[in-house]
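Working through the structure, step by step
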Amino acid sequence: MNFAPELLLRAQGVKVAFFDVDGVLTDGGLYMAEDGETLKRFNILDGLGLKLLQKVGITPAVITGRDSPALRARLQALGITHAHFGTEDKRPAAEITLQALGLDWTAAAAMGDDWPDLPVMRRAALSCAPVNAHAEVRAQAHHVTQARGGHGAARELCDLLLVASGRYASLLQAYAS
């Protein structure tokens, strides 16, 4: 893992990481079943990254404009308890989570891919966007991932936060033993 020093400095105090879902934790596509149920494809690399954040005391939080049983099941399986569903105005949702955790924006990272994510990204100490995010969002991000949304982009942010926390190597060693 090789990140620019300025990114590592921004990431050092992060205690909560906000993630959008569609276009960040998924590829942004919506799969619709005949009965109208929305199915989503999640990347297993991203899932482990979110679990690793929890191991080092960084809280992953989700703020999404949509809601679905598939999403709720995935977040439950990952142990993510801070989630806001069907939220178009994401800044107040993020502030509720920050207040609940006793944190402020200086301890927050955010990852989004489209305009509704900008209010959270602009306030966070560290903002990140997948390489396939909207151009305006990429322009606002401190870091643009190499991976596309739903294809490991969230894991890249998780890895950055783990490196900045000084825990990446010890976590890797525990898995490699």
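The structure reproduced in this document is the subject of the present report. Model, not experiment: these values are computed from the prediction. (Residues numbered from 1 in each chain as written. Predicted model: local features only at pLDDT ≥ 70, side-chain atom pairs only at ≥ 80, totals over all residues. Heavy atoms only, no water.)

**Here we look at the packing of aromatic side chains**
- Inspection of the entire model under this criterion finds one aromatic pair.
- Taken together, a centroid distance of 6.3 Å and an interplanar angle of 50° make the contact between Phe 18 and Trp 105 tilted. Here Phe 18 is found in strand β1 (residues 16-19), whereas its partner Trp 105 is found in the loop between α4 (90-101) and β6 (108-111), with 87 residues between them in sequence. In this structure, Phe 18 and Trp 105 share a single accessibility class: buried.
- If you follow Arg 72 out to its NZ or CZ, it ends over the ring of Phe 85, 3.8 Å from the centre. (Phe/Tyr/Trp six-rings, centres within 6.5 Å; stacked < 30°, edge-to-face > 60°. Helix = DSSP H or I, 4+ residues; strand = E, 2+ residues; numbered from the N terminus. Buried < 20%, exposed > 50% of the residue type's maximum accessible area, 1.4 Å probe, protein only. Lys NZ or Arg CZ within 6 Å of the ring centre and 35° of its normal.)

**A closer look at helix α3 (residues 69-78)**
- Leu 71, Arg 74, Leu 75 and Leu 78 are the residues of α3 that are buried. Around the axis of α3, the buried residues are gathered within 95° of arc, so they sit on the same side. In α3, the exposed positions angled more than 90 degrees off the buried face are occupied by Pro 69, Gln 76 and Ala 77.
- Taken together, the buried residues of α3 touch α2 (44-55), β4 (59-63) and β5 (82-84).
- Looking one or two residues past α3, Gly 79 carries a phi angle of roughly 75°, positive in sign. (Arc of directions from axis to C-beta. Contact = heavy atoms within 4.5 Å.)

**Remarks on the packing of α2 against helix α7 (residues 153-165)**
- Orientation of α2 relative to α7, taken along the N-to-C sense of each, is 25°, at an axis distance of 8 Å. Taken as axis vectors, α2 and α7 run roughly parallel relative to one another. Seen along the crossing, α2 lies across α7 with a hand that is left-handed. Between α2 and α7, the contacting residues are Leu 45, Asp 46, Leu 48, Gly 49, Leu 50, Leu 52 and Leu 53 on the first element and Ala 153, Ala 154, Arg 155, Cys 158, Leu 161 and Leu 162 on the second.
- By residue class, the composition of the contact of α2 with α7 is 10 nonpolar, one polar and two charged. (Axes fitted to C-alpha atoms, helices over the stretch in contact; angles between N-to-C directions. Parallel < 35°, antiparallel > 145°, perpendicular 65-115°, else oblique. Left-handed = near helix turned anticlockwise from the far one by under 90°. Nonpolar A, V, L, I, M, F, W, Y, C, P; charged D, E, K, R; others polar.)

**Remarks on the nonpolar core**
- In terms of nonpolar packing, the biggest core is built from 33 residues, with Phe 19, Leu 53 and Leu 161 touching the most fellow members.
- For this core, the element with the highest residue contribution is α7, accounting for eight residues.
- Excluding residues that lie within four positions of it along the chain, Leu 53 makes contacts with Ala 17, Phe 19, Ile 58, Cys 158, Leu 161 and Leu 162.
- Formed by 18 residues, the second largest nonpolar core is a distinct cluster that contains Val 16, Met 121, Ala 129 and Val 137. (Core = buried A, V, L, I, M, F, W, Y, C linked by side-chain atoms within 4.5 Å.)

**A short note on the pairing of β4**
- Of all five residues that make up β4, four are buried, and the element is covered over most of its length.
- Relative to β4, β1 runs parallel, the two being bridged by four bridges. Following the sheet pairing, Ala 17 is matched in β4 by Pro 60.
- When β4 meets β5, the two strands line up parallel, connected through three bridges. If you follow Ile 63 over to β5, its bridge partner there is His 84.
- Taking the sense of rotation as the criterion, the β-α-β connection linking β4, α3 and β5 turns out right-handed. (Pairing = 2+ DSSP bridges. Right-handed = clockwise from strand over helix to strand, strands pointing away.)

**Focus: the pairing of strand β7 (residues 126-129)**
- Of the two faces of β7, both are covered, the one formed by Leu 126 and Cys 128 as well as the one formed by Ser 127 and Ala 129.
- Of the strand pairs in this sheet, β6 and β7 are connected by three bridges, and their pairing is parallel. Bridge pairing in β7 links Ala 110 to Ser 127.
- As defined by bridge partners, β7 adjoins strand β8 (residues 143-144) across two bridges and the pair is classed as parallel. Of the residues in β8, the one forming a bridge with Cys 128 is His 143.
- For the crossover that starts at β7, traverses helix α6 (residues 135-140) and ends in the parallel β8, the hand is right-handed.

**As for the sheet that holds β4**
- Taken together, the six strands give an open sheet; going across it, the order is β5-β4-β1-β6-β7-β8, and neighbouring strands pair in parallel fashion. A single partner strand is all that each edge strand has here, and the edge strands are β5 and β8.

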